[in-house]
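This is what each chain is made of:
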There are 2 protein chains.
Amino acid sequence: MYEGALADLVDELGRLPGIGPKSAQRIAFHVLGSDKADVDRLADVLRTVKEQVRFCTVCGNVATEEQCRICRDPRRGDELICVVEEPKDIIAVERTGEFRGRYHVLGGAINPLDGVGPDDLRIRELMMRLQAGATKEVIIATDPNTEGEATATYLALMIGPMGLAVSRLASGLPVGGDLEYADEVTLGRAFEGRRLIQ
Amino acid sequence: MYEGALADLVDELGRLPGIGPKSAQRIAFHVLGSDKADVDRLADVLRTVKEQVRFCTVCGNVATEEQCRICRDPRRGDELICVVEEPKDIIAVERTGEFRGRYHVLGGAINPLDGVGPDDLRIRELMMRLQAGATKEVIIATDPNTEGEATATYLALMIGPMGLAVSRLASGLPVGGDLEYADEVTLGRAFEGRRLIQ
């Protein structure tokens, strides 16, 4: 219905994840009404990301060099490896300021319905890192959902025979939340994982 | 938290309407995992839209030349002008295939809370088109909400003294909908606007 380039833009935007036809149209009109400099900046950075950003050859995190910022950092310890599904999970863990070890990005979780099996994830790379010997404990920080739990169980089975400690992030009540609004599975886990305080 | 270009991309995407920080991050990672050709196409079309698409000098619709496709079309009549808020509303009306006249885009609706008054809309341009004399009826197709209704009332007052017919799109039950799910205002309008069928 639109002419030329505008139709193409709506089309291209509609291919991005989470952007439906209405949002694509809204963004296209926003672009049309924006300063040329702003649009150029967006177009430039799209290209730059593809040219400059790649994945760390060690952990699979996003990186601008062969290794990511965290793998290059000599102040971080090699004894702990935190296994996450996606690079954005690293950001979430880093924000806590609680973890000073290294990471390993799987690139997803085991999900038979979507055809994602162990071989589609960076599990072989993880095993090779663990065989190198510096690691003492693997902290599995996959998402607390069915796929994440299945992946954690699979990893625990694989790593167990290597004699390393394997831990899973605690499930329980979110801090700052209301007990009455907690779902029954979370509340059940909070009971299971209760700790003596005196 | 991200390095260089990726942080910039998340930032730029987050400035687009309807895209929050989480969506921006999701799209940025999608871009990172896409083919270079796809990303180049998006970057190109963003620039092309800014270079090639402008607003029709007659009606305010999007256009690739001085006048838009509809204003240039000699097969369309000049007697009816349909007034809409945004260019995307033209697409919606065109899809019905019911209207063969011309359009006028206001560029919004009167909204005192957001500081949008009649002078911020293309109402002066509409009056000049109407004074040119070819128009017989103005169909006001602003949105059926408070701002759209206020704008319609204002336009009717302005156009009334010119002796032209002024109409407003009918309000009533959406076709294909369920009566029991209609809100009370819409159902009230449907009663008001009832038509004798025999």
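The rules behind each value
- Residues numbered from 1 in each chain as written.
- Chains lettered and ligands numbered in written order.
- Predicted model: local features only at pLDDT ≥ 70, side-chain atom pairs only at ≥ 80, totals over all residues.
- Heavy atoms only, no water.
- UniProt positions renumbered as here; feature names shortened; annotations may be inferred.
- Phe/Tyr/Trp six-rings, centres within 6.5 Å; stacked < 30°, edge-to-face > 60°.
- Buried < 20%, exposed > 50% of the residue type's maximum accessible area, 1.4 Å probe, protein only.
- Pairing = 2+ DSSP bridges.
- Helix = DSSP H or I, 4+ residues; strand = E, 2+ residues; numbered from the N terminus.
- Axes fitted to C-alpha atoms, helices over the stretch in contact; angles between N-to-C directions.
- Contact = heavy atoms within 4.5 Å.
- Expected span 1.5 Å × (residues − 1).
- Buried area = accessible area lost by both parts, 1.4 Å probe.
- Salt bridge = Lys/Arg side-chain N within 4 Å of Asp/Glu carboxyl O.
- Polar contact = N/O pair within 3.5 Å; in protein donor to acceptor, adjacent residues only side chain to side chain.
- Nonpolar A, V, L, I, M, F, W, Y, C, P; charged D, E, K, R; others polar.

- As recorded in an unreviewed UniProt entry, chain A goes by the name Recombination protein RecR, listed as coming from Stackebrandtia albiflava.
- A UniProt comment under Function (unreviewed entry) is attached to chain A, and it reads "May play a role in DNA repair. It seems to be involved in an RecBC-independent recombinational process of DNA repair. It may act with RecF and RecO."
- What the UniProt record of chain A gives under Sequence similarities (unreviewed entry) is the line "Belongs to the RecR family."

**So, the packing of aromatic side chains**
Residues and elements named next belong to chain A.
Part 1: Enumeration over the complete set of coordinates arrives at two aromatic pairs over all chains.
Part 2: When the centroid spacing of 5.2 Å and the interplanar angle of 65° are considered together, the rings of Phe99 and Tyr103 count as edge-to-face. Here Phe99 and Tyr103 have matching classes, each one buried.

**Overview of the sheet that holds strand 6 (residues 165-168) of chain A**
All names here are of chain A.
Part 1: Across the sheet, four strands lie side by side as 4-3-5-6; this open sheet has parallel pairing. The outermost strands of the open sheet, each flanked by one partner alone, are strand 4 (102-105) and strand 6. Within this sheet the neighbouring strands show an average axis-to-axis angle of 25°, counted without direction.
Part 2: Pairing between strand 3 (residues 80-84) and strand 4: four bridges, direction parallel. When the bridges of strand 4 are listed, Val84 appears paired with Val105.
Part 3: The strands touched by helix 5 (residues 87-96) are strand 3 and strand 4; relative to strand 4, the strand with the most contacts, the crossing angle is about 150°.
Part 4: Sheet strands touched by helix 6 (residues 123-131): strand 3, strand 4 and strand 5 (137-140). Its angle to strand 4, the strand with the most contacts, is close to 150°.

**What to know about the sheet that holds strand 4 (residues 102-105) of chain B**
Residues and elements named next belong to chain B.
Part 1: Taken together, four strands build an open sheet; the order of strands is 4-3-5-6 and the sheet is parallel. Of all the strands in the sheet, the pair left with one neighbour each is strand 4 and strand 6 (165-168). Each adjacent strand pair in this sheet contributes to an overall mean axis angle of 25°, direction not counted.
Part 2: As defined by bridge partners, strand 5 (residues 137-140) adjoins strand 6 across four bridges and the pair is classed as parallel. Across the sheet, the residue bridging to Ile140 is Arg168, located in strand 6.
Part 3: Across the sheet, helix 5 (residues 87-96) lies against strand 3 (80-84) and strand 4, angled at about 150° from strand 4, the strand it touches most.
Part 4: Contacts between helix 7 (residues 146-159) and the sheet are confined to strand 3, strand 5 and strand 6, with strand 6 contributing the most and set at about 170° to the helix.

**Structural notes on helix 3 (residues 36-52) of chain A**
Part 1: Between its terminal C-alpha atoms helix 3 of chain A stretches 24 Å, which fits the 24 Å expected from 17 residues at 1.5 Å a residue.
Part 2: The complete set of buried residues in helix 3 of chain A reads A:Val39, A:Asp40, A:Leu42, A:Ala43, A:Val45, A:Leu46 and A:Val49.
Part 3: Looking at the packing, one finds that the buried side of helix 3 of chain A touches helix 2 (21-33) of chain A together with helix 1 (4-13), helix 2 (21-33) and helix 3 (36-52) of chain B.

**Considerations on the interface of chain A and chain B**
Part 1: Counting from both sides, the interface comprises 53 residues of chain A and, opposite them, 53 residues of chain B.
Part 2: Around 5100 Å² of area is buried between chain A and chain B when both sides are counted, 70% of it from carbon and sulfur atoms.
Part 3: Summed over the shared surface of chain A and chain B, the result is six salt bridges.
Part 4: The partner of A:Glu12 in a salt bridge is B:Arg41, and the shortest N-O contact between them spans 2.7 Å.
Part 5: One can count ten residue pairs in polar contact (both at pLDDT 80 or more) joining chain A with chain B.
Part 6: Among the secondary structure elements, those contributing two or more residues to the side of chain A that touches chain B are helix 1 (4-14), helix 2, helix 3, strand 2 (62-63), helix 4 (69-72) and helix 5 of chain A.
Part 7: A class-by-class count of the residues in the side of chain A that touches chain B yields 26 nonpolar, eight polar and 19 charged.

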